[in-house]
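Letter by letter, the chains look like this.
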Amino acid sequence: MEKAINPVSIWSNGKSENANLFSMISISDNLLDTATFYYQLLAVDATQEQPTQVQLAQGNLTLGPDEYPTWDGSNDWIMNWGATQLNLTFVPGAEIV
């Protein structure tokens with residue numbers, strides 16, 4: 001799943017870059033009380049004929065027993081949860097891709 005975010009400055013390879021896309025996928029879910037997600041913050045350059053994506057940051061987020069019961073199973077809910085954990089703001093009107 002991917003969703004556009006307001007640019008976030010990230011130090012990468014000796015310079016400041018702006019991530020503008022949040023990507024997150026499930027890597028583990030015990031279907032009971034814990035799920036782990038892999039995320040990436042990407043810089044997307046859509047001005048080129050073939051848009052490019054460059055990974056600027058990545059990691060894992062774990063939805064634990066305290067919050068798992070509140071997850072309704074939807075992509076929208078979990079993307080909002082992940083963005084909150086990382087202090088990201090979605091571009092208004094952006095859709096999950």
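Details of the structure are given in the entry above.
Overview of the structure. (Residues numbered from 1 in each chain as written. Predicted model: local features only at pLDDT ≥ 70, side-chain atom pairs only at ≥ 80, totals over all residues. Heavy atoms only, no water.)

### Regarding the sheet that holds strand E4 (residues 52-63)
Each strand in a sheet pairs with another by means of backbone hydrogen bonds, the pair being arranged parallel or else antiparallel. Spatially, four strands are ordered E1-E2-E3-E4 in an open sheet, and the strand pairing comes out antiparallel. The strands lining the two open edges of the sheet, one partner per strand, are strand E1 (2-12) and E4. Within this sheet the neighbouring strands show an average axis-to-axis angle of 35°, counted without direction. Two elements, strand E3 (residues 35-45) and E4, share 11 bridges in a ladder whose sense is antiparallel. Following the sheet pairing, Gln-40 is matched in E4 by Gln-58. Its contacts with the sheet place helix H1 (residues 75-85) against E1, strand E2 (15-29), E3 and E4, and it is angled at close to 95° to E4. (Pairing = 2+ DSSP bridges. Helix = DSSP H or I, 4+ residues; strand = E, 2+ residues; numbered from the N terminus. Axes fitted to C-alpha atoms, helices over the stretch in contact; angles between N-to-C directions. Contact = heavy atoms within 4.5 Å.)

### What to know about the environment of Asp-72
Relative to the helices and strands, Asp-72 is located in the loop between E4 and H1. Reaching out from Asp-72, the side chain makes a polar contact with the side chain of Ser-74 at a distance of 2.7 Å. (Polar contact = N/O pair within 3.5 Å; in protein donor to acceptor, adjacent residues only side chain to side chain.)

### A closer look at the packing of aromatic side chains
The relative placement of two aromatic rings is captured by the distance of their centres and the angle of their planes. Under the defined criterion, the tally for this structure stands at four aromatic pairs. Taken together, a centroid distance of 6.3 Å and an interplanar angle of 40° make the contact between Phe-22 and Phe-90 tilted. In this pair, Phe-22 sits in strand E2 while Phe-90 sits in the segment after H1, placing the two residues 68 residues apart along the sequence. Summarising the burial analysis for this pair, Phe-22 and Phe-90 share the class buried. With centroids separated by 6.4 Å and ring planes inclined at 55°, the aromatic side chains of Phe-37 and Trp-81 adopt a geometry described as tilted. Here Trp-81 lies in helix H1 and Phe-37 lies in strand E3, a separation of 44 residues in the sequence. The pair Phe-37 / Trp-81 is uniform in exposure class, with both members buried. Counting every residue linked through ring pairs, the aromatic cluster contains Phe-37, Tyr-68, Trp-71 and Trp-81. Note that Lys-3 overlies the ring of Phe-90, its terminal NZ or CZ placed 4.2 Å from the centroid. (Phe/Tyr/Trp six-rings, centres within 6.5 Å; stacked < 30°, edge-to-face > 60°. Buried < 20%, exposed > 50% of the residue type's maximum accessible area, 1.4 Å probe, protein only. Lys NZ or Arg CZ within 6 Å of the ring centre and 35° of its normal.)

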